[in-house]
Amino acid sequence: MPTDSTTPPPASRRGGWCCLLFAALPVVWFIAVLVLPKWAFWYPVWVGAAIWNGTDGQGGISHLLG
């Protein structure tokens, strides 16, 4: 029988908010479609362009591909 009376540390609960954020994004976007349809329609296009070209139009992942 073990004689160690120390309690084990509690389990870590890190990372729960990150998953909740990614799960909530589609819900927020759907609500935005109802309130601001033009903005919500063009927002994914804008995000894709910002990722591809960078925010200044000179960088982004297109720069990595040549």
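Look up a bit, the structure's there.
Rules behind the numbers
- Residues numbered from 1 in each chain as written.
- Predicted model: local features only at pLDDT ≥ 70, side-chain atom pairs only at ≥ 80, totals over all residues.
- Heavy atoms only, no water.
- Helix = DSSP H or I, 4+ residues; strand = E, 2+ residues; numbered from the N terminus.
- Buried < 20%, exposed > 50% of the residue type's maximum accessible area, 1.4 Å probe, protein only.
- Areas by Shrake-Rupley, 256 points an atom, 1.4 Å probe, with all protein chains shown as cover.
- Phe/Tyr/Trp six-rings, centres within 6.5 Å; stacked < 30°, edge-to-face > 60°.
- Patch = residues over 30% accessible without salt bridge, like charges linked within 9 Å, V, L, I, M, F, W, Y side chains within 5 Å.
- Salt bridge = Lys/Arg side-chain N within 4 Å of Asp/Glu carboxyl O.

### Notes on the overall build of the chain
Here's step 1: Of the regular secondary structure elements, the chain holds three helices and zero strands.
Here's step 2: Tracing the chain from N to C terminus, the helices and strands come up as α-α-α.
Here's step 3: Looking at the chain as a whole, 6% of its 66 residues qualify as buried.
Here's step 4: Just so you have it, the chain exposes about 6,400 Å², and 72% of that area is on carbon and sulfur atoms.

### Brief notes about the packing of aromatic side chains
Here's step 1: In total, this model carries two aromatic pairs according to the counting rule given.
Here's step 2: Pairing Phe41 with Trp42 gives two aromatic rings, centres 5.1 Å apart and planes at 85°, and the pair type is edge-to-face. Here Phe41 matches Trp42 in class, with each residue exposed.

### Here we look at a nonpolar patch on the surface
Here's step 1: On the surface, a cluster of nonpolar side chains totalling about 1,100 Å² of accessible area is made up of Val27, Trp29, Phe30, Ile31, Leu34, Val35, Leu36, Trp39, Tyr43 and Trp46.
Here's step 2: Sort the elements by how many residues they give to the nonpolar patch and helix H1 (residues 16-35) lands first, with six residues.
Here's step 3: You can see Val35 is positioned in helix H1.

By themselves, these are just geometric observations and shouldn't be taken as functional.
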